[in-house]
Amino acid sequence: MLLGVAVSYLGLTLLSRHLSQGGLLAGLSLATLVAIGIGLHNLGEGLAIGSSFAFGELALGTFLIVGFMIHNVTEGLGIAAPATEARRVSFLQLLALAVIAGAPAILG
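Only a predicted model underlies this, so the values are computations on that prediction, with no experimental measurement involved. (Residues numbered from 1 in each chain as written. Predicted model: local features only at pLDDT ≥ 70, side-chain atom pairs only at ≥ 80, totals over all residues. Heavy atoms only, no water.)

> How would you explain the nonpolar core if you had to name every residue and give the values?
By size, the foremost hydrophobic cluster in this structure holds seven residues: A31, A35, I38, I79, A83, L97 and A101. At the level of elements, α2 (27-54), α3 (58-83) and α4 (91-107) are the ones that each hand at least two residues to this core. With three residues, the top contributor of residues to this core is α2. If we skip the residues at most four places from it in the chain, I38 touches E75, I79 and A101. (Core = buried A, V, L, I, M, F, W, Y, C linked by side-chain atoms within 4.5 Å. Buried < 20%, exposed > 50% of the residue type's maximum accessible area, 1.4 Å probe, protein only. Helix = DSSP H or I, 4+ residues; strand = E, 2+ residues; numbered from the N terminus. Contact = heavy atoms within 4.5 Å.)

What follows is the structure, given as structure tokens:
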């Protein structure tokens, strides 16, 4: 578990330095970094949902799905807010950010 935390932290730090190119992160670069971080977070949520269903705990799995769905609405704002700085954000860019943040929950 500690190795996963360390790799996640170091990976996000290296990606942050690559995206910033010596300056501050803003716009789509910051939104992408936030989406990746939320995607890593959502992987754990997907694993919790999957394990509850694997153990036959259907009520718990359903409860987790509803709870995480409500919780993830606020996380979407953390992605959308920096993306608005770009002024011209296409639908495909927003869709890509949503997939980056949400697909790991499905994989989990």
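Read on, since the account is not over.
> I'd like a description of the packing of helix α1 (residues 2-20) against α2, backed by residues and values.
Axis angle and axis distance: for two packed helices, these are the angle between their axes and the distance between the axes, and together they describe the pair. Two elements in contact, α1 and α2, have axes whose closest approach is 10 Å; the angle formed by their N-to-C orientations is 170°. Put simply, α1 runs roughly antiparallel to α2. Contacts from S8, L12, L15, S16 and L19 of α1 reach α2 at S29, L33, I36, G37 and L40. Its residues assigned to classes, the contact of α1 with α2 shows six nonpolar, four polar and no charged. (Axes fitted to C-alpha atoms, helices over the stretch in contact; angles between N-to-C directions. Parallel < 35°, antiparallel > 145°, perpendicular 65-115°, else oblique. Nonpolar A, V, L, I, M, F, W, Y, C, P; charged D, E, K, R; others polar.)

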